[in-house]
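Structural overview for review
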Amino acid sequence: MAERNKPKDAAVFGVDIGKNVFHVVGIDASGSPIQRASFRRDTLLQFFERAKPTVVGMEACPGSQWLARKIIAFGHRVRIVPARFVKPYVKSNKNDIIDAEAIAETVSRPTMRFVEVRSPEQIDLQALHRVRDRMVAQRTRLVCQMRAFCLEYGIAMHQGVGRFKADLPKVLANEENDLTPAMRRLLASLFEDVRQLEARISETSREIEATAAADDTARRLMTIPGIGPLAATALLAAAGKGAQFKKARDMAAWLGLTPREHSTGGKTTLLGISKRGNAYLRWLLIHGSRSCLLHLDRSRDRLGGWLGRLQSRMHNNKAVVALAAKVARIAWVVMTTPGATYEKRGPAAA
């Protein structure tokens, strides 16, 4: 390793992550840069192995979780920061060294918020969810395309994947409709693609359900109304044990379920929900809450009375989002309290 690339006693190192080349800037306790260097992937780990344990910052991006776990193993403290928080610290022109310096300055701020370093198990579980979500979207696109092809021949199919799968074989078998032989062959081929996607979705869903059944925290999360295996495992993959949040409201805000605020001059102005954070997890919680709105027993569950009063003064969609935020807060309590479960009590007992 070149002399200039030997680690110095920096208070904070900022790392700009690349595919093959990584740029590192070290700053001292006063915030002044004392080292600038670039490394290949293999020499970067050698650098931090030799460096004195300190704070290492990097942007949240593909590869940051792996690198964080490697650097933590060398005794450093790693802080992963969202890229949008780094941008205000990029001065004048932009290049990789300036980005690394901005990262180092960002992570040294005492009020900065950081991304949790996830375990390999969390990454694996999150990957399962993302793959399943992609396959569901592909199935929806295929069905919509096939329905559009049928409309070109005057055949209107029912909406919904289930009804479509039941009706299409009848349409293909009906020789009296206007479908051409070429279109019948194409629809049959696309329908086989749908069947293959269905099989893969079912296989991935079973794997997620098996993970939920084997994990104690996931089983306790599933005692909460509106949370099933998908939402429980997605919470574990995204938030882990939830210890990074000081209170339950912080997790609801992190999921984008709380109002955006635009206040000035002493006047508080609350807007719609912020929709920040994990859109997939927020989607699961909101649809689980929508199910509760329709099926929750108002007389036997303590959420029933609260939900009924909410519905009486606002639109159902707003009530659903409010319930999702409450479910997220309950989930934080269950995740951070050993052995805690949701206790279903009637309104009088509550």
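Above this note sits the structure.
So, a few notes on the structure that sits alongside this text. If you're wondering where the values come from, they're calculated on a predicted model, not measured in any experiment. (Residues numbered from 1 in each chain as written. Predicted model: local features only at pLDDT ≥ 70, side-chain atom pairs only at ≥ 80, totals over all residues. Heavy atoms only, no water.)

1. Observations concerning the packing of helix H7 (residues 181–214) against helix H9 (residues 229–239)
For the pair H7 and H9, interaxial distance at closest approach is 9 Å and the crossing angle is 70°. As the angle between them shows, H7 and H9 are arranged roughly perpendicular. Contact residues: Ile208, Glu209 and Ala212 in H7; Pro229, Leu230 and Thr233 in H9. Considering only residue class, the contact of H7 with H9 consists of four nonpolar, one polar and one charged. (Axes fitted to C-alpha atoms, helices over the stretch in contact; angles between N-to-C directions. Helix = DSSP H or I, 4+ residues; strand = E, 2+ residues; numbered from the N terminus. Parallel < 35°, antiparallel > 145°, perpendicular 65-115°, else oblique. Contact = heavy atoms within 4.5 Å. Nonpolar A, V, L, I, M, F, W, Y, C, P; charged D, E, K, R; others polar.)

2. Observations concerning the environment of Arg77
Within the fold, Arg77 resides in strand E5 (residues 77–81). Accessibility expressed as a relative area gives 53% for Arg77, which makes it exposed. For Arg77 and Gly26, which are 51 residues apart along the polypeptide, the C-alpha to C-alpha distance reads 14 Å. In contact with Arg77, other than residues within four places in its own chain, are Thr54, Val55 and Val56. (Buried < 20%, exposed > 50% of the residue type's maximum accessible area, 1.4 Å probe, protein only.)

3. A closer look at the pattern of salt bridges
The full count for this structure, using the stated rule, is nine salt bridges. The shortest N-O distance in the salt bridge between Lys94 and Asp99 comes to 2.8 Å. Residue Arg139 is joined to Glu198 by a salt bridge in which the shortest nitrogen-to-oxygen separation is 3.1 Å. Taken together, the residues span a long stretch of sequence, with Arg139 in helix H5 (residues 120–151) and Glu198 in helix H7 at a distance of 59 residues. Comparing Arg139 with Glu198 shows no difference in burial state: the two are buried. Through salt bridges with shared partners, a single ionic network connects Arg139, Lys165 and Glu198. (Salt bridge = Lys/Arg side-chain N within 4 Å of Asp/Glu carboxyl O.)

4. Thoughts on the pairing of strand E2 (residues 21–27)
Across the seven residues that make up E2, a large majority, six, are buried. The pairing of strand E1 (residues 12–16) with E2 spans five bridges and is classified as antiparallel. Residue Phe13 lies in a different strand from E2, and its bridge partner there is Gly26. The turn linking E1 back onto E2 is made up of four residues. Pairing of E2 with strand E3 (residues 33–40) involves seven bridges; the strand directions are antiparallel. Looking at the pairing, Val21 lines up with Arg40 of E3. Taking the residues between adjacent antiparallel strands as the criterion, E2 and E3 are bridged by five residues, where Gly31 takes a positive phi near 95°. (Pairing = 2+ DSSP bridges.)

5. Focus on the sheet that holds strand E4 (residues 55–59)
Reading across the sheet, the five strands line up as E3-E2-E1-E4-E5 and stay open at both edges, with mixed pairing between neighbours. Here the strands that pair on one side only, and so sit at the sheet edges, are E3 and E5. Between one strand axis and the next, the sheet turns by 20° as a mean value, whatever way the strands run. Looking at chain direction, E1 and E4 are connected through four bridges and run parallel. Each bridged residue has a counterpart across the sheet, and for Phe13 the counterpart in E4 is Val56.

6. Looking at the packing of H5 against H7
Across the interface, H5 lies against H7 with an axial gap of 9 Å and an inter-helix angle of 155°. Classified by the angle between their axes, H5 and H7 sit roughly antiparallel to one another. In the crossing of H5 with H7, the sense of the turn from one axis to the other is left-handed. In terms of residue class, the contact of H5 with H7 is built from 17 nonpolar, six polar and seven charged. (Left-handed = near helix turned anticlockwise from the far one by under 90°.)

7. Section: helix H4 (residues 96–107)
Taking 1.5 Å of rise per residue, the 12 residues of H4 would be expected to cover 16 Å, and the 17 Å separating its terminal C-alpha atoms lies within 8% of that figure. Within the sequence span of H4, burial applies to Asp99, Ala100, Ala102, Ile103, Ala104, Thr106 and Val107. Of the residues flanking the start of H4, the one acting as N-cap is Asn95, its side-chain oxygen 3.1 Å from the backbone nitrogen of Ile97. (Expected span 1.5 Å × (residues − 1). Polar contact = N/O pair within 3.5 Å; in protein donor to acceptor, adjacent residues only side chain to side chain.)

8. Some thoughts on the side chain of Asp167
Tracing the chain through its elements places Asp167 in helix H6 (residues 161–173). Within the buried set, Asp167 has no salt-bridge partner at all; the shortest N-O distance to an opposite charge, 4.4 Å, is to Arg163. (Lys, Arg positive; Asp, Glu negative; His and termini not counted.)

9. Side note on unusual backbone geometry
A positive phi is found at Ser92, a non-glycine position, where the angle reads about 55°. Residue position: Ser92 is located in the loop between helix H3 (83–86) and H4. Phi angles above zero are rare outside glycine, and Lys275 is one such case at about 55°. The residue Lys275 is located in the loop between strand E7 (270–273) and helix H11 (279–295) in this model. For Lys275, a relative accessible area of 57% corresponds to the exposed category.

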